Amino acid sequence: MNTTKTETLRWIGEVDGHLELIDQTLLPTEFTEIACKDVQTVWDAIKQLKVRGAPAIGIAAGYGMVVGLQTVSDSASKEEFFSRLKEVSDYLAGSRPTAVNLFWAIERIARTAESNRDKSIAELKSILLTDAIAIHDEDREMCHAIGRFGAELLKDGQGVLTHCNAGGLATAEYGTALSVFFTAQDVGKNLHIFVDETRPLLQGSRLTAWELQHRQIESTLICDNMAAQVMREGKVQAVVTGADRIARNGDSANKIGTYGVACLAKAHNIPFYIAAPTTTFDLTIESGDEIPIEERASEEITNGFNKQTAPDGVNVYNPAFDVTPAELIKAIITEKGIIQPVTVEEIQRVIGYV
Ligand code: MRU
């Protein structure tokens, strides 16, 4: 397996170029990159979780807008350009509902286009590519800043549990929760990471365990239902996860199972932290009750990885995310600083109105 290239997403070429991304559904056994030369391929990559993790979905959507607008000729009318822009925006917005970074990136690109309406179509395309690249670059910076703030919260020798994958694969680089661990390692703190395998799609075992191995960070993989026992045995002193959407009051949606982990952390008096960039906050909603929770196909549970593990015709419920209430979150680590306590006022003080 070629593991020398671990950039989740890359733009290849100029304005008529394309997006390349790692197919995360094949990891850890196959390292394959997909060329996304049309917006349908970008949509499919997001929908099928070939690219996943809130920030990476946002970056892919930014580039997806650029790819989608390549079908408009430079000599077309402005009406044609903006009507296609609306079509591409709506299409990409329908790929996944929970991670707010997707909508944030689409809206940002659309706003950039709107504020450059007077430019030629060739100029507009180039401006939008520059903005998509900026979204990508800014995410890289935010991840490193999250790591610097978060590493302060952890002590040398601690055991830390994480759920799903909030690593380099889920972002431009370095990750959010994993950035905290990578940065702690960079400053000489040795941590031992307990990795929830994260049913049903195994982002923990397939992706997080893989990233931690590559970084040579000590880690132990556990099944999701082992977290309580590991905490009871005193092996874990902190929990750090990512998030897909954070409401005004700090309620945070993340991969299904996160809420349960937060309850367990509370029961064992272990601090539960969320690490997320400000692009993951949705200040238009008051609380987690308003976060749309994606429901995915039942086959992910009954026939995961092409192995039937349930009887034909069984009823299945497969929500892909859950919401951890703010009161269970000790702090939210952002690129602008640490939000603690997690309250409306403190969120606004640290991140301002984004
Ligand atoms: O369904 P996924 O794999 O896209 O879910 C990803 C998560 O829940 C991550 O924890 C979250 O997006 C944060 S990634 C920095």
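Residues numbered from 1 in each chain as written. Predicted model: local features only at pLDDT ≥ 70, side-chain atom pairs only at ≥ 80, totals over all residues. Heavy atoms only, no water.

> Describe unusual backbone geometry, naming the residues involved and giving the relevant values.
Cis geometry marks the peptide bond from R199 to P200; its omega dihedral reads 0 degrees. Summarising the element assignment, P200 is placed in the loop between β5 (192-196) and α7 (203-214). In this model, Q340 is joined to P341 through a cis peptide bond whose omega is 5 degrees. Residue L202 is not a glycine yet carries a positive backbone phi of 60 degrees. When you line up the elements, L202 lands in the loop between β5 and α7. You can call L202 buried: its relative accessible area is 18%. Non-glycine residue Q216 carries a positive phi angle of around 55 degrees. (Helix = DSSP H or I, 4+ residues; strand = E, 2+ residues; numbered from the N terminus. Buried < 20%, exposed > 50% of the residue type's maximum accessible area, 1.4 Å probe, protein only.)

> Tell me about the state of the cysteines, and please be specific about residues and values.
By the definition in use, this model includes zero disulfides. We note that C164 lacks a disulfide partner, and the nearest cysteine sulfur, in C143, lies 15 Å from it. By relative accessible area, C164 is classed as buried at 6%. Free cysteine C223: the closest other cysteine sulfur is in C164, separated by 16 Å. C223 sits in the partly exposed class, given a relative accessible area of 28%. (Disulfide = S-S within 2.5 Å.)

> Can you explain the packing of aromatic side chains? Please cite residues and give values.
What the rule picks out here adds up to four aromatic pairs. On the numbers, 5.3 Å between centres and 75 degrees between planes, the contact of F81 with F82 is edge-to-face. When sorted by exposure, F81 lands in the same class as F82, which is buried. On the numbers, 5.4 Å between centres and 65 degrees between planes, the contact of Y174 with F182 is edge-to-face. Accessibility classification places Y174 together with F182 in one group, the buried group. Positioned above the aromatic ring of F82 is the side chain of R117, whose terminal nitrogen or guanidinium carbon lies 3.9 Å from the ring centre. (Phe/Tyr/Trp six-rings, centres within 6.5 Å; stacked < 30°, edge-to-face > 60°. Lys NZ or Arg CZ within 6 Å of the ring centre and 35° of its normal.)

> Describe the nonpolar core, and please don't skip the residues or the numbers.
L9, L19, V51, F81 and L128 are the most contacted members of the largest nonpolar core, which totals 42 residues. Elements with a minimum of two residues in this core: β1 (9-12), β2 (18-22), α1 (39-47), α2 (54-69), α3 (78-93), α4 (100-114) and α5 (121-151). Contact partners of L128, with chain neighbours within four places excluded, come to V66, L69, F81, L85, I109, T112 and A113. Counting 28 residues, the second largest nonpolar core, distinct from the first, contains M231, I332, V342 and V350. (Core = buried A, V, L, I, M, F, W, Y, C linked by side-chain atoms within 4.5 Å. Contact = heavy atoms within 4.5 Å.)

> Just give me the short version of the domain arrangement of the protein, but keep the residues and values in it.
When cut into domains, the protein gives domain 1 (9-143) and domain 2 (147-351). The straight-line distance from the C-alpha centre of domain 1 to that of domain 2 is 26 Å. The interface of domain 1 with domain 2 comprises 28 residues on the first partner and 34 residues on the second. Summing the contributions of domain 1 and of domain 2, the shared interface buries around 2,500 Å²; its carbon and sulfur component is 57%. Our count for the contact surface shared by domain 1 and domain 2 stands at one salt bridge. Seen at the junction of domain 1 and domain 2, the total is 17 residue pairs in polar contact (both at pLDDT 80 or more). Elements with a minimum of two residues in the side of domain 1 that touches domain 2: α2, α4 and α5. Considering every element that reaches the side of domain 1 that touches domain 2, the biggest residue donor is α5, with five residues. Counted by class, the side of domain 1 that touches domain 2 contains 16 nonpolar, seven polar and five charged residues. (Domains from an automatic or database assignment. Buried area = accessible area lost by both parts, 1.4 Å probe. Salt bridge = Lys/Arg side-chain N within 4 Å of Asp/Glu carboxyl O. Polar contact = N/O pair within 3.5 Å; in protein donor to acceptor, adjacent residues only side chain to side chain. Nonpolar A, V, L, I, M, F, W, Y, C, P; charged D, E, K, R; others polar.)

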